[in-house]
Amino acid sequence: MNMAQKKMILDLDTGIDDALALAYAVSDPNVDLIGIISSYGNTLVKTAAQNSLNLLHLLGADDVPVFLGESHSSTTDHFDVMEISQLIHGKNGVGDVTLEQSPRDVESQSGIDFLISAAHQYHDNLIFIPTGPLTNLATAIKKDPEVAKLIGNTTLMGGALTVPGNVSPFTEANIHQDPEDADYVFSHQKNLTMVGLDVTLRTLLTKKETTAWRALGTKAAEKYADLMDFYIDAYFKLSIDKKGAALHDPLAVAVGIDPTYVTTLPLNMKVTYDRQSGDYGRTIGNKEKLLEPTTTKAAILVDSPRFVSDFQSTMLSILSK
Ligand code: CA
């Protein structure tokens, strides 16, 4: 193992673009994927964990442990998958594609405790990538406030600053699941980068790329092409984008490893969570902290040709095995 490698933890609500993020992180030689924490969101938390285990098995990465995170937001007592999530990700979260069952189960340690112990063990060397609701990170910080300072780099997929949301004119889906905990994270976590719809909607994958995956002829390539084609078809049918599907979650992984893919705006941010206000779930600059040193950056531009090209090379590499 390359000792200069940074350690990476993914926090996934797996999810089709989460499946892409997982493959990207497994494949990139610049990071050592030390674990996946599972979240509710695109699916129920247990389904997300099982999907991650099955995808790791498909990719020959049975050495990466999977942990259960929180099963619902901090302000609710249960979670139901939104109908729109099922249309985009399929009823099973992975485009209704049948994956071979992993021989492994989730770890007995909770995802929250795993994140806390990894933060203490690796601090600056740890990259944490949440691509679902921010409930797990907020819960970890509430249990051990040191976590907010220890993690070297937290790069999240979520939010929208310069473009409208995808749940409401202000609200992006991951933030929408738990705006209170998202605000807690934006208010506490140091070295935080937001990779939101501002940039992810500019990174599209089309059937041209998935046709090239399929041509590799491996089982992993066939399954990944099947689930990505489901996602591209859903984007078309729902008129989200007629040209292709956005690479939301893998862009967050790529930016966590190489921040030069995006241009960022340093800005202390907050999330509005007053249900009576018209902008519930909005990610916006925090007026009370405009004069304080900035701890958060929002990605506002992306070198899309370079990212999509690098993403495709990475996928072709891992799916050929
Ligand atoms: Ca996700």
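Before reading on, note that the structure itself is shown above.
Report on the accompanying structure. (Residues numbered from 1 in each chain as written. Predicted model: local features only at pLDDT ≥ 70, side-chain atom pairs only at ≥ 80, totals over all residues. Heavy atoms only, no water.)

1. Considering the nonpolar core
One finds Leu-10, Trp-213, Tyr-224 and Met-228 to be the most contacted residues of the largest nonpolar core, which totals 64 residues. For this core, the element with the most residues is helix α11 (residues 219-237), which contributes nine residues. Not counting residues up to four positions away in its chain, the partners in contact with Tyr-224 are Ala-19, Leu-20, Leu-22, Ala-23, Leu-55, Leu-58, Leu-59, Trp-213, Met-315 and Leu-319. With 32 residues, the next largest nonpolar core counts Ala-119, Ala-140, Leu-156 and Leu-192 among its residues. (Core = buried A, V, L, I, M, F, W, Y, C linked by side-chain atoms within 4.5 Å. Buried < 20%, exposed > 50% of the residue type's maximum accessible area, 1.4 Å probe, protein only. Helix = DSSP H or I, 4+ residues; strand = E, 2+ residues; numbered from the N terminus. Contact = heavy atoms within 4.5 Å.)

2. Considerations on helix α13 (residues 304-319)
Side chains that are three or four residues apart share a direction in an α-helix, a result of its 3.6 residues per turn. With 16 residues, α13 should cover 22 Å at 1.5 Å per step; its first-to-last C-alpha distance of 22 Å lies within 8% of that length. Here α13 has its buried residues at Ser-304, Phe-307, Val-308, Phe-311, Gln-312, Thr-314, Met-315, Ile-318 and Leu-319. Each buried residue of α13 sits inside an arc of 165° when the element is viewed along its axis, so together they form one side. In this structure, the buried residues of α13 make contact with α1 (16-27), β7 (204-205), α10 (207-214), α11, α12 (248-257) and β12 (296-302). (Expected span 1.5 Å × (residues − 1). Arc of directions from axis to C-beta.)

3. Topic: the environment of Ala-246
Looking at where Ala-246 falls in the secondary structure, it is placed in strand β8 (residues 245-246). Once the C-alpha coordinates of Ala-246 and Asp-198 are considered, the two residues, 48 residues apart in sequence, prove to be 11 Å apart. What Ala-246 contacts, discounting residues up to four positions off in sequence, is Thr-200, Leu-201, Thr-203, Leu-204, Tyr-231 and Tyr-235.

So, to be careful, I would describe these as geometric facts and stop short of saying anything about function.
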